[in-house]
Amino acid sequence: DVKVTQSSRYLVKRTGEKVFLECVQDMDHENMFWYRQDPGLGLRLIYFSYDVKMKEKGDIPEGYSVSREKKERFSLILESASTNQTSMYLCASTQSSTSVNEQFFGPGTRLTVL
Amino acid sequence: GENVEQHPSTLSVQEGDSAVIKCTYSDSASNYFPWYKQELGKRPQLIIDIRSNVGEKKDQRIAVTLNKTAKHFSLHITETQPEDSAVYFCAASRRRRALTFGSGTRLQVQP
């Protein structure tokens with residue numbers, strides 16, 4: 001079974017703080033993704049990585065950065081947290097192949113920025 | 001970039017009835033269309049997917065149809081049960097194996 005884990009289920013931070021969300025997968029997947037989930041908006045892609053040290057912007061990258069130093073770990077960084085970044089953050093991974101395949105999701109981190 | 005629209009946003013059916021959720025996509029290069037189910041407080045999980053070289057796929061009570069010409073695809077659930085109650089997301093593939101998701105449909109099955 002693929003296992004995708006996230007460092008925290010719940011996180012409360014203050015405006016202006018630097019926030020790190022970590023995601024780890026144990027299936028040697030090349031591709032990893034960060035989404036945020038808000039009611040009525042679905043899952044929106046923030047950033048993704050298709051290899052170690054490689055990253056690409058998704059649809060809503062503003063205010064976020066990412067780091068992929070090791071294949072199994074993908075970190076999302078909020079450089080200076082703001083209240084509009086209060087959301088559920090989901091990490092996902094998928095194997096690399098000649099075609100697109102199932103993404104496996106982590107349990108999510110519910111971030112509240114006060 | 002890719003845009004995926006999903007309707008309806010909420011759907012309430014009686015147990016045993018069928019439910020249909022529809023999605024449209026904008027990028028004709030998309031070739032993979034998964035559907036995810038997210039139960040309350042849980043992570044999204046894949047329930048069925050279809051590739052662009054196939055028009056229909058079935059798995060027990062769940063089926064997905066794809067119309068490439070019209071750029072729309074649909075999820076059909078027959079003989080609904082209370083445990084089908086969840087939020088359902090459609091998605092379409094984009095570059096580098098990423099996905100664009102629809103906004104979700106909250107399905108409620110009334111016993």
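The structure this text deals with has already been given above.
Please read these numbers as outputs of a predicted model, since none were measured by experiment. Along each chain, the written sequence defines residue order, and numbers are assigned to residues from 1. By the order in which they are written, chains take letters starting at A while ligands take numbers starting at 1. In view of the model being predicted, local features appear only for residues whose pLDDT reaches at least 70, and side-chain atom pairs are presented and counted only at 80 or more, with totals across whole chains, interfaces and linings using the full set of residues. Only hydrogens and water are set aside when side-chain values are computed; all heavy atoms of the structure are taken into account.

**Student:** How do you make sense of the overall build of chain A when you look at a structure like this?
**Tutor:** A run of H or I in DSSP becomes a helix once it reaches four residues, and a run of E becomes a strand once it reaches two; helices and strands are each numbered from the N terminus. A count of helical and extended segments in chain A gives zero helices and eleven strands. Listed N to C, the secondary structure of chain A is β-β-β-β-β-β-β-β-β-β-β in terms of helices and strands. Within these notes, the globule rule equals 2.2 Å times the number of residues to the 0.38 power, and the radius of gyration is based on C-alpha atoms. Its C-alpha radius of gyration of 13 Å places chain A within 12% of the 13 Å reference for a compact globule of 114 residues. Taken along the three principal axes of its C-alpha coordinates, chain A extends 40 × 30 × 25 Å. Looking at chain A residue by residue over its 114 residues, the buried ones come to 51%. By sequence separation, contacts in chain A at least 24 residues apart represent 56% of the contacts at least 6 residues apart. The Shrake-Rupley method, run with a 1.4 Å probe, gives the accessible areas here. Residue values count only the displayed protein chains as cover. Surface summary for chain A: the accessible area is close to 5,500 Å², and the carbon and sulfur share equals 49%. Computing the positive centroid from 15 side-chain charges and the negative centroid from 15, chain A places the two 6 Å apart. Any residue under 20% of the maximum accessible area for its type is buried, any over 50% is exposed, and the rest in between are partly exposed; the area is computed with a 1.4 Å probe on protein chains only. The contact definition used throughout considers only heavy atoms, calling two residues in contact when any of these lie within 4.5 Å. Positive charge is attributed to Lys and Arg, negative charge to Asp and Glu, and no charge count is given to His or to the chain ends. Think of each charge as sitting on NZ of Lys, CZ of Arg, CG of Asp or CD of Glu.

**Student:** How do you make sense of the environment of L45 of chain A when you look at a structure like this?
**Tutor:** Structurally, the position occupied by L45 of chain A is in strand β5 (residues 42-51). For the pair L45 of chain A and L90 of chain A, spaced 45 residues apart in sequence, the C-alpha to C-alpha distance is 9.5 Å. L45 of chain A has contacts with F33, W34, Y35, G58, D59 and I60 of chain A together with R94, A98 and L99 of chain B, leaving out every residue within four places of it along the chain.

**Student:** How do you make sense of the state of the cysteines when you look at a structure like this?
**Tutor:** Put plainly, two cysteines are in a disulfide when a covalent bond ties their sulfur atoms together. Throughout, a disulfide means two cysteine sulfur atoms within 2.5 Å of one another. Counted under the stated rule, the structure contains two disulfides over all chains. Disulfide partner of C23 of chain A: C91 of chain A, at an S-S distance of 1.9 Å. Taking the torsion about the sulfur-sulfur bond, which here is approximately -75°, the covalent link between C23 of chain A and C91 of chain A counts as left-handed. Note that C23 of chain A is positioned in strand β3 (residues 19-25) and C91 of chain A in strand β9 (residues 87-94), a separation of 68 residues in sequence. Comparing C23 of chain A with C91 of chain A shows no difference in burial state: the two are buried. Two residues share a disulfide in this structure: C23 of chain B and C90 of chain B, whose sulfurs sit 1.9 Å from each other. With the S-S bond torsion at -100°, the cross-link from C23 of chain B to C90 of chain B turns out left-handed. Here C23 of chain B is found in strand β3 (residues 19-25), whereas its partner C90 of chain B is found in strand β9 (residues 86-93), with 67 residues between them in sequence. Assessed through its relative accessible area of 1%, C23 of chain B is described here as buried.

**Student:** In this structure, what is going on with the layout of surface pockets? I would like to understand it.
**Tutor:** Left-over empty space is what a probe sized like a water molecule reveals as it rolls over the atoms. Here the largest pocket is characterised by a volume of approximately 680 Å³. Buried and open spaces are told apart on a 1 Å grid over the protein atoms alone, a cavity being a set of points where a 1.4 Å probe fits but cannot get out and a pocket being an open set with protein on both sides within 12 Å along at least five of seven lines. Residues with an atom within 4 Å of a point are the lining residues. Lining the largest pocket are 30 residues, and of these Q37 of chain A together with Q38, L40, V87 and R106 of chain B sit closest to its centre. Secondary structure elements with two or more residues in the lining of the largest pocket: β4 (31-38) and β9 of chain A together with β9 and β11 (105-110) of chain B. Its residues assigned to classes, the lining of the largest pocket comprises ten nonpolar, 13 polar and seven charged. Grid points are joined across faces, edges and corners, and a volume is the space filled by probe spheres set on the points. Polar here means any residue outside two lists: the nonpolar Ala, Val, Leu, Ile, Met, Phe, Trp, Tyr, Cys and Pro, and the charged Asp, Glu, Lys and Arg; Gly therefore counts as polar.

**Student:** Could you clarify how one ought to interpret the interface of chain A and chain B in this entry?
**Tutor:** It is common to give the size of an interface as the accessible area lost on bringing the parts into contact. Counting from both sides, the interface comprises 30 residues of chain A and, opposite them, 20 residues of chain B. The term buried area denotes the loss of accessible surface (1.4 Å probe radius) that occurs when two parts are joined, taken as the sum for both partners. Interface area lost by chain A to chain B is led by L43, V100 and F105 of chain A, which between them contribute 28%. Under this definition, polar contacts are N or O atom pairs within 3.5 Å; protein pairs additionally need one hydrogen-donor-capable and one acceptor-capable atom, and for neighbouring residues in sequence, both atoms have to be side-chain atoms. Applying the counting criterion to the chain A and chain B interface returns eight residue pairs in polar contact (both at pLDDT 80 or more). Looking at the side of chain A that touches chain B, the elements with two or more residues in it are β4, β5 and β9 of chain A. Considering each element in turn, the side of chain A that touches chain B owes the most residues, five residues, to β5 of chain A. Partitioned by chemical class, the residues of the side of chain A that touches chain B number twelve nonpolar, 14 polar and four charged.

**Student:** What am I meant to see in unusual backbone geometry here?
**Tutor:** A negative phi angle is the norm for most residues apart from glycine, just as the trans form is the norm for most peptide bonds. Residues and elements named next belong to chain B. The step from H7 to P8 runs through a cis peptide bond, and the omega angle for that step is -5°. At Q60, a position not held by glycine, the phi torsion is positive, near 60°. Note that Q60 resides in the loop between β6 (56-59) and β7 (62-67). Taking relative accessible area as the criterion, Q60 reaches 77% and is therefore assigned exposed. One non-glycine residue, K71, lies in the positive phi region at around 60°. Take K71: its relative accessible area is 26%, and that puts it in the partly exposed class.

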